[in-house]
Amino acid sequence: MSNALGLAVLGLLIESPLHPHAMAATLRERGQDRVFKVTTGSLYDVVRALERAGWIEARETVKVGARPERTVYQHTALGRAEFARWVEELIRVPSAEYPKFLSAVGYLGALGPGGAVDALRDRAARVRATLEEHRREHGELLAGGTVPRLFVVEVEYAIRMQEAEVGWIEEIVADIETGRLAWPDASGWVRAGEEDR
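Residues numbered from 1 in each chain as written. Predicted model: local features only at pLDDT ≥ 70, side-chain atom pairs only at ≥ 80, totals over all residues. Heavy atoms only, no water.

Novice: Hey, could you run me through the side chain of His138 in this one?
Specialist: Tracing the backbone through its elements, the reader meets His138 in helix α6 (residues 112-144). One polar contact links His138 to Glu156, side chain to side chain, over a distance of 3.5 Å. Non-local contacts of His138, meaning those with residues more than four positions away in its chain, are made with Val152, Val155, Glu156 and Ile159. (Helix = DSSP H or I, 4+ residues; strand = E, 2+ residues; numbered from the N terminus. Polar contact = N/O pair within 3.5 Å; in protein donor to acceptor, adjacent residues only side chain to side chain. Contact = heavy atoms within 4.5 Å.)

Novice: When you look at the side chain of Gln162 in this model, what are you seeing that I'm missing?
Specialist: As for its placement among the helices and strands, Gln162 is situated in helix α7 (residues 153-178). The residues touching Gln162, leaving out its near neighbours within four places in the chain, are Val127, Thr130, Leu131 and His134.

Novice: What is the right way to read helix α1 (residues 4-15) from this model?
Specialist: In an α-helix, one turn spans 3.6 residues; hence positions three or four apart end up facing the same way. Its 12 residues give α1 an end-to-end C-alpha distance of 18 Å, which sits within 8% of 16 Å, the value for a rise of 1.5 Å per residue. Residues of α1 that are buried include every one of Leu5, Gly6, Leu7, Ala8, Val9, Leu10, Leu12 and Leu13, and no others. The elements touched by buried residues of α1 are α2 (20-29), α3 (40-53), β1 (56-62), β2 (70-75) and α4 (77-92). Capping of α1 at its N-terminal end is provided by Asn3; its side-chain oxygen lies 2.8 Å from the backbone amide nitrogen of Leu5. (Expected span 1.5 Å × (residues − 1). Buried < 20%, exposed > 50% of the residue type's maximum accessible area, 1.4 Å probe, protein only.)

Novice: Even after reading the chapter, I still don't get the nonpolar core, so can you show me in this structure?
Specialist: As a rule of thumb, nonpolar side chains are buried together in soluble globular proteins. In this structure, Leu5, Val9, Leu10, Leu13, Met23, Leu50 and Ile56 are the most contacted members of the largest nonpolar core, which totals 23 residues. Mapped by element, the contributors of at least two residues to this core are α1, α2, α3 and α4. Take this core: its biggest share by element is 7 residues, from α1. Ala116, Ile169, Ile172 and Val173 belong to the second largest nonpolar core, which has 9 residues in total. (Core = buried A, V, L, I, M, F, W, Y, C linked by side-chain atoms within 4.5 Å.)

Novice: Looking at this model, I keep getting lost on the confidence of the model for the protein chain. Mind explaining?
Specialist: Caution is warranted with low-pLDDT regions, since their predicted coordinates should not be read in detail. When the pLDDT values of the protein chain are averaged, the result is 87; 93% of them are 70 or greater. When mean pLDDT is compared element by element in the protein chain, α7 scores highest at 94, while α2 scores lowest at 88. (pLDDT = per-residue confidence, 0-100.)

Novice: In this structure, what is going on with the packing of aromatic side chains? I would like to understand it.
Specialist: Two measures describe an aromatic ring pair: the distance that separates the ring centres and the angle between the ring planes. For the structure on display, the rule yields 2 aromatic pairs. Plain terms: the ring middles of Trp55 and Trp86 are 6.3 Å apart, the flat faces sit at 65° to each other, and that makes the pair edge-to-face. Of this pair, Trp55 sits in the loop between α3 and β1 while Trp86 sits in helix α4, and the two are 31 residues apart along the sequence. Of the two residues, Trp55 and Trp86, both sit in the buried class. Between Phe101 and Trp168 the ring centres are 6.3 Å apart and the planes differ by 85°, which places this aromatic pair in the edge-to-face class. Residue Phe101 is found in helix α5 (residues 100-105), and its partner Trp168 is found in helix α7; the two are separated by 67 residues along the sequence. (Phe/Tyr/Trp six-rings, centres within 6.5 Å; stacked < 30°, edge-to-face > 60°.)

Okay, structure coming up:
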């Protein structure tokens with residue numbers, strides 16, 4: 001299993017048996033839908049794959065009121081062992097990740113100094129807004145006392161990464177504005193928003 005949503009499902013089932021609808025609601029409530037892409041279809045696909053692999057099993061089927069029947073899943077012994085192995089590997093062994101922002105930063109020069117500063121400042125403002133939202137939601141979640149901090153430490157990590165990104169952007173903007181970041185001759189480059197003449 002390599003689907004990160006599978007990791008989320010297995011993590012939730014460590015806490016207690018759940019049906020997929022409750023899994024999705026819990027992930028969204030904890031803000032983990034920012035870490036894992038959660039859609040109803042993808043969640044059910046992952047649950048089926050985990051069940052086929054023998055990592056989870058149906059515990060019971062429940063029906064509440066007029067709602068459709070829902071199957072509650074739990075870990076198997078194999079699932080617990082594989083979950084622990086998977087988490088350990090992901091924590092111990094850094095792997096190559098390919099963020100879009102990093103790939104674009106390699107071509108920052110194409111925007112020219114003014115365009116780069118404008119784009120970076122706009123990104124920093126957007127990241128700051130998201131950062132403040134994450135801080136607020138994380139604080140509220142912990143203040144509510146229903147979710148242990150251990151279950152949302154990934155949000156703290158995401159907050160630190162956003163803080164680092166904003167700090168780096170501010171440094172690069174300052175370096176562009178003061179000339180510490182040398183700009184090559186851009187003759188022949190087409191900047192964003194310009195057309196060939």
